[in-house]
Amino acid sequence: MSATFPPLARRLDGLQSSAIRDLLKLTSRADIISLAGGLPDAELMPRDRIAAAADAALSQRSRLQYTESPGWGPLREVLAARESGRLGRPVPVEEIFVTHGSQQALSLLSEVLLDPGALVVVEDPAYVGALQVFRAAGARITAVPLDSDGMRLDALRALLEAGERPAVVHTVSNFHNPGGVTLSPERRRELANLAEQYGFWIIEDDPYGELWFDRPSPAPVATYSPNVIRLSSASKILAPTLRAGWMIAPVQVCRAVELLKQGADLCGSALTQQITADLLADTDWLAAHIDSVRQVYGTRAKTLVNAVRTRFGDAVTTTEASGGMFVWADFTDGTDTQTLLPQALEAGVAYVPGNAFAVSTDYTHSIRLCFTTSDEATLVEAVARLAKSHGAGPA
C-alpha cells in the first residue's frame, strides 16, 4: 500500500538541485581529476592551529553554552576591527552579524529584503547559490552580463532607465564565481551611486577578496554607500567546517535578520565561533597563513591557464588568473560543453559546463575550472585529458 502525503509548499515548484553538487557525486572516483568543485585545498587548512584554538575554547565548560543570535561577542569585535580596516571607517559591533556560513546570511537576507515577485538583479553567469536563494524567495530575477571589469553597469543602467526597480542587486565583487573577474574600482563607485539614486540594496558577496595573487583587491563596494550589505566568510581562508560567515549591514537590517535567525536555529555554534575568533585575532599568524595560501593558489592558477592556452590555442579563451579559485573558459570553435562532459569524464577529468550558471544567456560553449585542489603537475595532466576528449591535442 503506497502512502499519499499532503502537498509541499508551492515555493518549491521549479527549484532544482545544484548541478555542481550533483556533478560532484560523479567525480568521486579516484581516477578522475576534478576541476569541477569549488573547494579550498584541505592540505592548506591550518589543522594544528585550529586544534590549539579548539583546545583553548574547550578549557571552560561555560564555553559550551548557547551564544547570542547575532554571534559570539568577541568574534563580532574581531570582525568589526577587520572590517573597519577594509572599509576605512569605524564599523560598530552592532553592524556585524555572524551566520552559519555566508550562504545563511544570503538566505536570511532574501527573507528580510524580498517580497514575492520583487526584482533581483544578478550577474550572468551567476553564482548558483544566490540563484537558489532568490528563486526560493519567489523573486523575479533579471541578469546583466559580465565583462573583464565585472558587472556591466551600462546594462544595469539601461534596465533602471527603462523603469525597472530592483529591490536587490547581487554582486560577487572579487574574483567572481564562476566568471573569475573583479569589479573595477570605477564600477564599484558607479554601482554605489546607482543604489542611492534608485533606492535599491546591494548585496556584496565577497568570500574570495583576500585570495588575491598579484595585487590586493579594490576597496569594497560597501566603502561607497550605506546601501551595501557586505558578506564574507572564513571558509576560503581558514576552513569550511568552521561554518563561520558574517554580514556587515545597517543596524535595522541586522535586527530583522536576528528575528529570522532565532526562528531558524536560535544561534550558531559558539565553539566554532570561538575558534574562528582566536584565529582571526592572531593577526601576524593569519597574515602569514593567508600569504602562503595565495602563493600556492597563484602558482596553480597560472599553471592551469598556461596549460589551457598551450593545449587549445585559439580554440579556447580564458579569464586571467588574478585571484580567487576559478577560471572561466570559452570555446571559440563551437564546442558544446554539456555534450563534451561525458567524454571528458571518460578521459578522466571533470569540469562544470557553463549552462549550470546561466540565467538569460546561453553558455553552451563555456566551462568553469577550479584550480585550488590539485598541484601543478596534476593540473597539466587534467588539461591534457580535456584536450584528448576534445580532440585538441595528444594524450
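This is a predicted model, so every value here is computed, not measured. (Residues numbered from 1 in each chain as written. Predicted model: local features only at pLDDT ≥ 70, side-chain atom pairs only at ≥ 80, totals over all residues. Heavy atoms only, no water.)

Draft legend 1. Looking closely at the overall build of the chain. Counting secondary structure elements, the chain contains 12 helices and 14 strands. Rg of the C-alpha trace for the chain: 21 Å, near the compact-globule value of 21 Å for 395 residues, within the 12% margin. Dimensions of the chain along its principal axes, counting C-alpha atoms only, are 65 × 60 × 55 Å. Residue burial in the chain is summarised as follows: out of 395 residues, 54% are buried. Sequence-distant contacts, at least 24 apart, represent 73% of the contacts inside the chain between residues at least 6 apart. As displayed, the chain offers around 17400 Å² of accessible surface, 51% of which is attributable to carbon and sulfur atoms. For the chain, the distance from the average position of its 35 positive side-chain charges to the average position of its 45 negative side-chain charges is 2 Å. (Helix = DSSP H or I, 4+ residues; strand = E, 2+ residues; numbered from the N terminus. Rg over C-alpha atoms; globule rule 2.2 N^0.38 Å. Buried < 20%, exposed > 50% of the residue type's maximum accessible area, 1.4 Å probe, protein only. Contact = heavy atoms within 4.5 Å. Areas by Shrake-Rupley, 256 points an atom, 1.4 Å probe, with all protein chains shown as cover. Lys, Arg positive; Asp, Glu negative; His and termini not counted. Charge placed at Lys NZ, Arg CZ, Asp CG, Glu CD.)

Draft legend 2. Region of interest: the nonpolar core. One finds Leu-156, Leu-191, Phe-200, Leu-280, Leu-304 and Phe-312 to be the most contacted residues of the largest nonpolar core, which totals 91 residues. Ranked by the residues each element gives to this core, the list is headed by helix H10 (residues 283–312), at 10 residues. Beyond its immediate sequence surroundings of up to four residues, Phe-200 is in contact with Leu-160, Pro-166, Ala-167, Val-169, Leu-191, Leu-194, Ala-195 and Asn-227. The next biggest cluster of nonpolar side chains, apart from the first, holds 28 residues, and it includes Phe-97, Leu-106, Leu-108 and Cys-254. (Core = buried A, V, L, I, M, F, W, Y, C linked by side-chain atoms within 4.5 Å.)

Draft legend 3. Highlighting the packing of helix H4 (residues 101–113) against helix H8 (residues 251–264). Put simply, H4 and H8 touch, their axes get as near as 9 Å, and they point 100° apart. Accordingly, the angle class assigned to the pair H4 and H8 is roughly perpendicular. From H4, Gln-104, Leu-108, Leu-109, Glu-111 and Val-112 reach across to H8, where they touch Val-253, Ala-256, Val-257, Leu-260 and Lys-261. Here the residues of the contact of H4 with H8 sort into 7 nonpolar, 1 polar and 2 charged. (Axes fitted to C-alpha atoms, helices over the stretch in contact; angles between N-to-C directions. Parallel < 35°, antiparallel > 145°, perpendicular 65-115°, else oblique. Nonpolar A, V, L, I, M, F, W, Y, C, P; charged D, E, K, R; others polar.)

Draft legend 4. Structural context of unusual backbone geometry. Pro-125 follows Asp-124 through a cis peptide bond whose omega is 10°. Along the chain, Pro-125 falls in the loop between strand E3 (119–124) and helix H5 (128–136). Here the residue pair Asn-177 and Pro-178 is connected by a cis peptide bond, since its omega of 15° sits within 30 degrees of zero. With a phi close to 50°, Phe-175 is a non-glycine residue in the positive phi region. Note on placement: Phe-175 falls in the loop between strand E6 (168–172) and helix H7 (185–198). A positive phi is found at Arg-243, a non-glycine position, where the angle reads about 45°. Its location among the elements puts Arg-243 in the loop between strand E8 (228–233) and strand E9 (244–248).

Draft legend 5. Up close: the sheet that holds strand E10 (residues 316–318). Strands sit in the order E10-E11-E14-E13 across an open sheet of 4 strands; the sheet is antiparallel. Each edge of the open sheet carries a strand with a single partner, namely E10 and strand E13 (352–353). Note that E10 and strand E11 (residues 326–331) share 3 bridges and pair antiparallel. What sits directly across from Val-316, in E11, is Phe-331. (Pairing = 2+ DSSP bridges.)

Draft legend 6. Up close: the packing of aromatic side chains. The final tally for this structure, using the stated rule, is 5 aromatic pairs. Considering the side-chain rings of Phe-213 and Phe-371, the 6.1 Å spacing of their centres and the 65° angle between planes classify their relative orientation as edge-to-face. Taken as a pair, Phe-213 in the loop between strand E7 (201–205) and E8 and Phe-371 in the loop between strand E14 (366–370) and helix H12 (376–390) lie far apart in primary sequence, 158 residues in all. Consider the rings of Trp-328 and Tyr-363, whose centres lie 5.5 Å apart with planes at 90°: the pair is edge-to-face. Of the two residues, Trp-328 sits in strand E11 while Tyr-363 sits in the loop between E13 and E14, which places them 35 residues apart along the sequence. On the basis of relative accessible area, Trp-328 is assigned to the buried category, the value being 7%. Ring-pair connections join several aromatic residues into one group, and the members of that group are Trp-328, Phe-357 and Tyr-363. One Lys or Arg, Arg-49, reaches over the ring of Trp-285 and ends 5.4 Å from the middle of that ring. (Phe/Tyr/Trp six-rings, centres within 6.5 Å; stacked < 30°, edge-to-face > 60°. Lys NZ or Arg CZ within 6 Å of the ring centre and 35° of its normal.)

No statement about biological role is implied by the geometric values presented.
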